[in-house]
Every structure is written in C-alpha cells, then in structure tokens.
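Letter by letter, the chains look like this.
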Amino acid sequence: QAQLVESGGGLVQAGGSLRLSCAASGRTFSRNPMAWFRQAPGKERESVAAISGSGGITYYADSVKGRFTISRDNARNTVDLQMNSLKPEDTAVYYCAADSRIYSTTNYPPPLVQRAYNYWGQGTQVTVSS
C-alpha cells in the first residue's frame, strides 16, 4: 500500500529555515503532481506549494512566495519543501499529498485544491517562535 511520510519539521526561530521532505513508498509518484498543504490551529487546511510530475511547473501560495521552494527527485520518489525566512504565521502541521490520477503529460499544471489529492502523509509539525 502506498504511503507518504514527511520529515524535517521542528521548532525554529523567526527568520530561520527548515527543509521538509516527503518520501513515497509502495508505488512511484514520479509522473504525478504532488503538493504541500498546511493547517494551523483553528484554521482550515490550505495549499502551500504544488509541483507537476516533471517538476517543471510549480505553484506557491502568495503568503510563501519568494520564501519557500518546492522540488522533487523522481529517482528517489521524494518531494521537498525548503522554507526560508520563516515567520510565526507559518506555524502549522504540514502535509505532503500526491495526486495519483493518470495525466497525458507530466507537464500538467498541478492541482491546487485538496480534493484533487488522494494520498496524504500523516503531517509534520512546524513551529516558528517570535
């Protein structure tokens, strides 16, 4: 059975950096869009970044644009999220997600809505102190 496992979360001071990693097992997602979402206490889960199967198309929420970078290594079946210049408002549980639908091309723009993703990790906590 396919699984997504996140790692790399933790506690960091404002202005610091963290790198989250998501490792897939049980099947390959090398041709599929993948994404990072986050959910802060008392708030709905929101999209943070998404990447096409090829890695050539990326999307970022306005709140993280210029600070976060999503990347993938299809040979290793992983997707990472480099987070720089972290702010207290970035505090949340971060989730990795994969869209296992079959697309005609790996350059299909990655979906931005949660319902498009049918595989989810268990989440990793990121806490940014002020």
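The preceding data block contains the structure.
Residues numbered from 1 in each chain as written. Predicted model: local features only at pLDDT ≥ 70, side-chain atom pairs only at ≥ 80, totals over all residues. Heavy atoms only, no water.

## Considerations on the overall build of the protein chain
Let me state the cut-off plainly: Per the convention used, a helix needs a DSSP run of H or I reaching at least four residues, while a strand needs a run of E reaching at least two, with both numbered from the N terminus. Note on method: radius of gyration uses C-alpha positions; expected globular size equals 2.2 Å times residues raised to 0.38. Exposure classes here rest on a 1.4 Å probe applied to the protein chains alone. A residue is buried below 20% of its type maximum, exposed above 50%, and partly exposed in between. Contacts are assigned to residue pairs with any non-hydrogen atoms lying within 4.5 Å of each other. Surface accessibility in these figures is a Shrake-Rupley result with a 1.4 Å probe; residues are shielded only by whichever protein chains are displayed. Asp and Glu count as negative and Lys and Arg as positive, but His and the ends of the chain are not part of the count. In plain terms, the charge of a residue is placed at NZ if it is Lys, CZ if Arg, CG if Asp and CD if Glu.
Tallying secondary structure elements over the protein chain gives zero helices and 11 strands in all. Ordered by position in the sequence, the α and β elements of the protein chain form the string β-β-β-β-β-β-β-β-β-β-β. For a compact globule of 130 residues, the expected C-alpha radius of gyration is about 14 Å, and the protein chain comes in at 14 Å, within 12% of that figure. Viewed in the frame of its principal axes, the protein chain has a C-alpha envelope of about 45 × 30 × 25 Å. Out of the 130 residues belonging to the protein chain, those deemed buried represent 46%. Contacts in the protein chain between residues at least 24 apart in sequence constitute 62% of all its contacts with a sequence separation of at least 6. Total accessible area computed for the protein chain in this model is approximately 6500 Å², and 47% of it derives from carbon and sulfur atoms. Looking at charge distribution, the protein chain has the averaged site of its 13 positive side-chain charges lying 4 Å from that of its 9 negative ones.

## With respect to the state of the cysteines
Where we set the bar: Only a pair of cysteine sulfur atoms within 2.5 Å qualifies as a disulfide here.
Applying the stated criterion across every chain yields a total of one disulfide. With its sulfur 2.1 Å from that of its partner, Cys22 forms a disulfide with Cys96. Looking along the S-S bond of the Cys22-Cys96 disulfide, the torsion reads about -75°, which is the left-handed sense. Here the residue Cys22 occupies a position in strand E3 (residues 18-25), and Cys96 occupies one in strand E9 (residues 92-98), the gap between them amounting to 74 residues. When its relative accessible area of 0% is taken as the criterion, Cys22 is described as buried.

Remember, this is a structural readout, not a statement about activity or role.
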